[in-house]
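Structural description and commentary
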Amino acid sequence: VALAVEDGSLVDRIKTALATDERSGLTDVVVEVIEGIVYLRGEVESEADSAAAVAVTEEVEGVREVRSHLSLIKMRPPNTVRVELPDSRPFADDASGQR
Amino acid sequence: MIRVAAIADLHCREDCPVRYREWYRALDDEADVFVLAGDLTHLGRPEEARALANELQEVRVPIVAVLGNHDAHSDRVPDVQAVLRDAGVWLLDDGPKEVPINGRTVGFAGTKGFCGGFGNALLTPFGEAALKAFIGETAREADCLDRGLQTLRTQYRIAVLHYAPVRDTLQGEQPELYPFLGSSLLSEPIDRHGADLVLHGHAHHGSEAGHTGRGIPVRNVALPVLKTYYTIFELGS
């Protein structure tokens, strides 16, 4: 139990560092600590983000080793979504184009 | 047809490692207006807002925006707002925005929103002062949206928030986090006054589509959800 509490505190400190350090600025990284080894998982936007996450984590006191399983977000081209408007819009008398 | 491009959660940093301008250069040909639904900066620093403004400088269509929780982190919201205003971004905190498009008018009303939970699990302002203040903030944000929607007199109306107004678009997030990702208080003014579309961000692991209680479409446009630099919503014929 003591180990779990200690690791939980370390997770909090790593997540805070990842979010607030200017080099990383990451809030979506999943952090797990197992017997002092830190595992980073999730998606980041760039290789620079991935490297920064590892560097920032390594500097957190209590971290013995960092194993990164971060992957790059596979960005897609912009897409288009058609928004269907109901025949009768209940909130507006907008048939004339005015309200 | 009205074409609304939207994105949230850019989390722009000073060094801005992602070159948004490469994506936004084409936006003028594809959309009539660009909506930014909060968390434009990472730590809420004016320098980050300047970096984003620099990336947006080639966009010629009107840009409307709300701020997000990250934009408030450094307690420099007025400075961030000033940078964005100077860059030509219309902040919906300053009031609703009416945009003429192809002979029609589209109105945008919005605010950041806040937390509190949904439906039967919505927090109530009871007990400690801290809890009352917490939910009071959500109520103020909902009032702000209410006033904005109430004043719009446009053919199309779009509500913009950072926090989620419905639970639907949070599917995929840890349920324990739902109360911190939005509030159904925010959906009340939308259903009361009506809208054609609701856009929000904040829920990075949520889902894209949902509806308010009255069936108004809600879209989560957080970048980690869309995995693209904007989505275009087409309204009308």
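Starting from 1, residues in each chain are numbered consecutively following that chain's sequence as written. To read the labels, note that chains go from A and ligands from 1, taken in the order they are written. Predicted model: local features are reported for residues with pLDDT of at least 70 only, side-chain atom pairs are reported and counted for 80 or more only, and whole-chain, interface and lining totals are derived from all residues. Excluding hydrogens and water, the side-chain figures rest on all heavy atoms present in the structure.

With that settled, the discussion passes to the confidence of the model for chain B. A score between 0 and 100, pLDDT records how confident the predictor is in each residue. Model confidence for chain B is summarised by a mean pLDDT of 95, while 99% of its residues fall at 70 or above. For this predicted complex, the interface confidence reaches an ipTM of 0.82, while the overall pTM sits at 0.89.

Looking now at unusual backbone geometry. When glycine is set aside, most residues are seen to have a negative phi, and most peptide bonds are trans. Residues and elements named next belong to chain B. Phi at aspartate 39 is positive, roughly 55 degrees, even though this residue is not glycine. The way it works is that DSSP assigns letters per residue, a run of H or I at least four long becomes a helix, a run of E at least two long becomes a strand, and they are numbered from the N terminus. Along the chain, aspartate 39 turns up in the loop between strand S2 (33–37) and helix H3 (46–56). A positive phi angle, near 80 degrees, is found at histidine 202, a position not held by glycine. Between buried and exposed lies partly exposed: a residue is buried under 20% and exposed over 50% of the maximum accessible area for its type, with that area taken using a 1.4 Å probe on protein chains only. Its relative accessible area of 12% is what places histidine 202 among the buried residues.

Let us look at the sheet that holds strand S6 (residues 104–111) of chain B. All names here are of chain B. Spatial ordering of the open sheet is given by S5-S6-S7-S8-S10-S9, a layout of 6 strands whose pairing is mixed. Both edges of this open sheet fall to strand S5 (97–101) and strand S9 (209–211), since each of them pairs with a single strand only. When the angles between neighbouring strand axes are averaged without regard to direction, this sheet yields 25 degrees. Note: two strands are recorded as paired if DSSP finds a minimum of 2 bridges between them. As defined by bridge partners, strand S7 (residues 156–161) adjoins strand S8 (residues 197–200) across 3 bridges and the pair is classed as parallel. Pairing of isoleucine 158 across the sheet is with leucine 197, part of S8. Contacts between residues were defined by any pair of non-hydrogen atoms, one from each residue, lying within 4.5 Å. Helix axes use the C-alpha atoms of the stretch in contact, all axes being lines fitted to C-alpha atoms, and the angles between their N-to-C directions lie in the range 0 to 180 degrees. Contacts between helix H5 (residues 129–151) and the sheet are confined to S6 and S7, with S6 contributing the most and set at about 165 degrees to the helix.

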